Amino acid sequence: MTRYVMAIDLRRCVGCQTCTAACKNANATPPGVQWRRVLDIESGEFPDVRRSFVPISCMHCDEPPCEEVCPTTATKKRADGLVTIDYDTCIGCANCVMACPYEARSIVHEAKFAYGDTPIKSEAVRFDAARISVSMKCTFCVDRIDEAARTGQVPGRDPDVTPACVNSCISGAMSFGDLDDPTSNVSRLLAETQSFRMHEELGTGPGVYYIWDKG
Amino acid sequence: MKAKTLKAGERIGPRQQHHWDWRAASNFIAGGAGGGLLAFAALASLAGIDVRALLLGGMALIGAGLTCVWFEIGKPWRALNVYRHLATSWMTREAAVAPLVFGCGALALLTGHSLFVLLTGVFGAAFVYAQARILSADKGIPAWRHPRCRPMLVATGFAEGAALVAVASPFVMTSAAGQLGVAAVTLGLLLVRVLAWRSYLAGLRADGAPEGSLRALAAVDGPFLKFGNLLAAALLLLAALGAPLAGLALIPAGLLAVGGGWLVKYTLVRRAAFTQGFALPHLPVRGRGPAGAAVKPGWGGAN
């Protein structure tokens, strides 16, 4: 089996938001919508104040609550663990938005572009009218992963078939790959370090692992 | 337009959901009351009362709620897709119960047959239950997914249904005994509703919930208890004791009880619906030294 996951080393993330920008460029998300964003968390009290950067997106859960509540079957989990949305089936009821504990889903009801009514070049190329008034979210750049099956490349190793955010990360904080393959970079990385998954107590089985310390 | 000032910590803690507005809330408000009304109209029919007007009212409420939610969805002309996920989606199941309600209700109105009246009541109760399950399945909203939210919503729907029967009882039943029965049942359901509500609030506080949810629910706690339940209960007692014009006391009593339930549901869907927010059980270790304490901004209660 294949289970695509992402590992994010919080010790390396510098909060530069390059992954956010790469995602916006790759997916032409409208203003106000970020499939990938980086939280900037300040915690503690002086003098022990900490600052943590936490990239977040759809977690592509093992047990996606969004899939369970979706009344239309528009949201589905694939065999490789990716959670997808069929834009032609979704009715935009937002039940999945309420079900997602990671605030990963958005719905916009009108076409919006970064600089007014006219799309810039990258937006014009990638604009998808089917995404208006339906639910949308991070896809782990599913089109690239599907391309891997055709080209024989390996997601997470070959940049052409790896999510844009992972490719863009300047500090190498993000890794992507098959958790069920013990030789994949994510498997090895997670075996060597200590990690957690966000809101694991909810039983969703998120597919994004946050590395916080050495093994 | 002036750019919004970004504050530290913004978009990290729980945020009030903005996707379901008053139209979605109306479905829970009207649909729950309508389903409850159908259930208690069916019960009243066992006493030989002509409940056709009540059935019509219940169906109208459910229809109004569904119409509101139809205007809310992003792609209304694909609405029939809602029937595609009966296996796990309570929204599908709610939608599947609706035609049964209207079909049996129409047959009950046309034929007056008791079987159809009772079936309409059963499907009305199922509609109330399905609505409660819709909210409790939404894991992203802690105030909804709390295990005590579901019984509270069911109790509210049934109490509203009985209260609506109370409002109608001076018009549809002439016997004092019948009105006494309605007053007693409504009184009992108000008690159940108050217990479920207080248990829900206590559970949220004990188990932890977003501070915004706790604040919003606390804000309606007083008015709900005083007007929606205590005052309503006093008027119901007045009716039960058989004071002069006692039957008429059922009308304001029922309206107050229904209004209280609607206030709670509106608050739950709109004002108290805060998202989970984000949390870190371990802060990242940088260089030497231990990880910092866990972070969970914006949460109140024990958690």
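Only a predicted model underlies this, so the values are computations on that prediction, with no experimental measurement involved.

## Remarks on the interface of chain B and chain A
On the chain A side, the residues contacting the 45 residues of chain B number 54 residues. It is His-19, Lys-139 and Phe-278 of chain B that lose the most area in chain B upon contact with chain A, and together they represent 16% of the buried surface on that side. Here chain B and chain A share one salt bridge between them. If you look at where chain B meets chain A, you find 25 residue pairs in polar contact (both at pLDDT 80 or more).

## Structural notes on the UniProt feature "transmembrane region" (unreviewed entry) in chain B
With numbering aligned to this structure, UniProt lists the feature "transmembrane region" (unreviewed entry) at residues 28–46, 53–73, 100–130, 151–171, 177–196 and 245–264 of chain B. With 95% helix and 0% strand, the stretch residues 28–46 of chain B has end C-alpha atoms that lie 27 Å from each other.

## Quick notes on the environment of Val-69 of chain B
Residue and element names in this part refer to chain B. Tracing the chain through its elements places Val-69 in helix α2 (residues 52–72). Taking the relative accessible area as the measure of exposure, Val-69 reaches 22% and is therefore partly exposed. Taking the C-alpha atoms as reference, Val-69 lies 5.5 Å from Arg-23; in sequence the two are 46 residues apart. Beyond its immediate sequence surroundings of up to four residues, Val-69 is in contact with Arg-23, Ala-24 and Asn-27.

## Digging into the sheet that holds strand β1 (residues 4–9) of chain A
Residue and element names in this part refer to chain A. If you trace the four strands from one edge of the open sheet to the other, you get β8-β1-β10-β9, paired in mixed fashion. The open sheet has two edge strands with one neighbour each: β8 (174–178) and β9 (193–196). The mean inter-strand angle of the sheet, taken between neighbouring strand axes irrespective of direction, is 35°. Looking at chain direction, β1 and strand β10 (residues 208–214) are connected through four bridges and run parallel. Within β10, the position partnered with Met-6 by the bridge is Val-208. Those strands touched by helix α7 (residues 185–192) are β1, β8, β9 and β10, and its axis lies near 115° from that of β8.

## A short note on the pattern of salt bridges
Tallied over the full model, the rule gives 18 salt bridges over all chains. Its salt-bridge partner being Glu-103 of chain A, residue Arg-15 of chain B comes within 2.7 Å of it at the nearest N-O pair. One end of the pair, Arg-15 of chain B, is in the segment before α1 (22–45); the other, Glu-103 of chain A, is in the loop between α3 (95–99) and β6 (106–107), on a second chain. Residue Glu-103 of chain A is classed as buried on the basis of its relative accessible area, which comes to 14%. Of the charged contacts, one joins Arg-23 of chain B and Asp-21 of chain B as a salt bridge, the two residues approaching to 2.7 Å between their closest N and O atoms. Among the ionic contacts, a cluster of salt bridges with common partners joins Arg-3, Asp-62, Arg-197 and Glu-200 of chain A.

Parameters at a glance
Residues numbered from 1 in each chain as written. Chains lettered and ligands numbered in written order. Predicted model: local features only at pLDDT ≥ 70, side-chain atom pairs only at ≥ 80, totals over all residues. Heavy atoms only, no water. Contact = heavy atoms within 4.5 Å. Buried area = accessible area lost by both parts, 1.4 Å probe. Salt bridge = Lys/Arg side-chain N within 4 Å of Asp/Glu carboxyl O. Polar contact = N/O pair within 3.5 Å; in protein donor to acceptor, adjacent residues only side chain to side chain. UniProt positions renumbered as here; feature names shortened; annotations may be inferred. Helix = DSSP H or I, 4+ residues; strand = E, 2+ residues; numbered from the N terminus. Buried < 20%, exposed > 50% of the residue type's maximum accessible area, 1.4 Å probe, protein only. Pairing = 2+ DSSP bridges. Axes fitted to C-alpha atoms, helices over the stretch in contact; angles between N-to-C directions.

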